[in-house]
Amino acid sequence: MKKLIIANWKMNPVSLKEAESFFSFFKKEEKNIKNVEVVICPPFVYIESLAKRFKIQDSRFKIGSQDCFWENQGAYTGEISPLMLKNLGVEYVIVGHSERRNYLGETDEIISKKIKSVFENGLIPVLCVGETLEQKEKGLAEEIVRKQLEKDLKNVSSFMIQDSRLIVAYEPIWAIGTGNDCQPKDALEIIKHIKNILDSRFKIHDSRLLYGGSVDPGDATNYLKYPEIEGALVGGASLKTEEFKKIINEVSKSAKTESA
Ligand code: PEP
């Protein structure tokens, strides 16, 4: 399977014009993107315009959302539903990003409802899990990640997951937006641990596992050279067009060499 690169633009850029200019930069590169799948997750307010203007249904780039609510419609002021996203052509939804867990108090209970709803709408959740620096230093990384998975996936039957697809991104919180690299071997160990839990506890055998945390053009292939690390969730570097292009190219080149 091709490696998957997901761009999380977070709360950037501040105008549709800039969002369009980022996107058109990548559209020009589209023909060169052969061995990777790319998903761009812009802020909600730009999704519809980008999807229409860049004919996302026929594009090699897919559109993802950075979050969603767990109900499809109703009296939930300010929220955006998975059904609304689906109707706009969105295919992927990031759920449980650590910034939402930290700044917005998103609990595993909330995340589990969102994951279920995303599956029920036929969308693909990108579930983010990962430990804090303090937890890592206490040797708790594996336990924290296991607990998150158990709670976040508790509402979901393996039938539901196998029918659709699940993506899990291991994102150590201390590596997000900090430039502090998680050693690729350490990321690999946690990703194998996640795979074991999904296999044995949830009987999910066809999930895709990604790494996220300060990935840049210089280190992307250090993570993605491992077959177990099937892609990357990229924050900061996805907003720097040249850097993101380099990440895509590096990953694409190394996938080509592997398959040659
Ligand atoms: C992220 O926000 O998911 C992320 C990985 O950010 P960054 O690449 O900036 O660390």
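Above: the structure in question.
Residues numbered from 1 in each chain as written. Predicted model: local features only at pLDDT ≥ 70, side-chain atom pairs only at ≥ 80, totals over all residues. Heavy atoms only, no water.

1. Regarding the site of the ligand
- Around the ligand there are 14 residues in total, and Lys 10, Glu 171, Gly 177, Ser 214 and Gly 236 lie nearest to it.
- Between the ligand and Ser 214, the relevant distance is 2.7 Å, taken from an oxygen atom to a main-chain nitrogen or oxygen of the residue.
- In the environment of the ligand, an oxygen atom lies 2.8 Å from a nitrogen or oxygen atom belonging to the backbone of Gly 235. (Near = heavy atom within 4 Å. Polar contact = N/O pair within 3.5 Å; in protein donor to acceptor, adjacent residues only side chain to side chain.)

2. Structural notes on the nonpolar core
- Membership of the largest hydrophobic core comes to 68 residues, with the highest contact counts inside it found for Leu 149, Ile 194, Leu 198 and Tyr 211.
- With 7 residues, helix H9 (residues 184-200) is the largest single contributor of residues to this core.
- The residues contacting Ile 194, other than those within four sequence positions of it, are Val 129, Val 145, Leu 149, Val 168, Tyr 170 and Leu 209.
- The next biggest cluster of nonpolar side chains, apart from the first, holds 13 residues, and it includes Leu 4, Cys 128, Ala 169 and Leu 233. (Core = buried A, V, L, I, M, F, W, Y, C linked by side-chain atoms within 4.5 Å. Buried < 20%, exposed > 50% of the residue type's maximum accessible area, 1.4 Å probe, protein only. Helix = DSSP H or I, 4+ residues; strand = E, 2+ residues; numbered from the N terminus. Contact = heavy atoms within 4.5 Å.)

3. Examining the side chain of Glu 30
- Within the secondary structure layout, Glu 30 lies in the loop between helix H1 (16-29) and strand S2 (36-41).
- Reaching out from Glu 30, the side chain makes a polar contact with the side chain of Ser 59 at a distance of 2.8 Å.
- Other than its neighbours up to four places away in sequence, Glu 30 contacts Ser 59, Arg 60 and Phe 61.

4. Observations concerning the pattern of salt bridges
- Counted according to the given criterion, the structure contains 21 salt bridges.
- As a salt-bridge pair, Lys 114 and Asp 67 come within 2.9 Å of each other at their nearest N and O atoms. Here Asp 67 lies in the loop between strand S3 (61-65) and helix H3 (82-87) and Lys 114 lies in helix H5 (residues 108-120), a separation of 47 residues in the sequence.
- Classification of Asp 67 by relative accessible area gives buried; the value is 4%. (Salt bridge = Lys/Arg side-chain N within 4 Å of Asp/Glu carboxyl O.)

5. Quick look at the sheet that holds strand S4 (residues 92-95)
- With parallel pairing, 8 strands are arranged side by side around a closed barrel as S1-S2-S3-S4-S5-S6-S7-S8. The average undirected angle you get between the axes of adjacent strands in this sheet is 25°.
- Relative to S2, strand S1 (residues 3-8) is paired through 6 bridges, and the arrangement is parallel. In the strand pairing of S2, Lys 3 is matched with Val 36. (Pairing = 2+ DSSP bridges. Axes fitted to C-alpha atoms, helices over the stretch in contact; angles between N-to-C directions.)

6. Focus: the packing of aromatic side chains
- Applying the stated criterion across every chain, the model contains 10 aromatic pairs.
- Ring geometry for Trp 9 versus Phe 22: centroids 5.3 Å apart, planes at 90°, classification edge-to-face. Of the two residues, Trp 9 is situated in the loop between S1 and H1 and Phe 22 in helix H1; the sequence distance between them amounts to 13 residues. Grouping residues by exposure puts Trp 9 and Phe 22 together as buried.
- Each residue in the set Phe 23, Phe 25, Phe 26, Phe 54, Phe 61 and Phe 244 is aromatic and connected to the rest through ring pairs, giving one cluster.
- We note Lys 113 situated over the ring of Trp 70; from NZ or CZ to the ring centre the distance is 4.1 Å.
- In this structure, Arg 201 is placed above the aromatic ring of Phe 202, and the distance from its NZ or CZ to the ring centre is 4.8 Å. (Phe/Tyr/Trp six-rings, centres within 6.5 Å; stacked < 30°, edge-to-face > 60°. Lys NZ or Arg CZ within 6 Å of the ring centre and 35° of its normal.)

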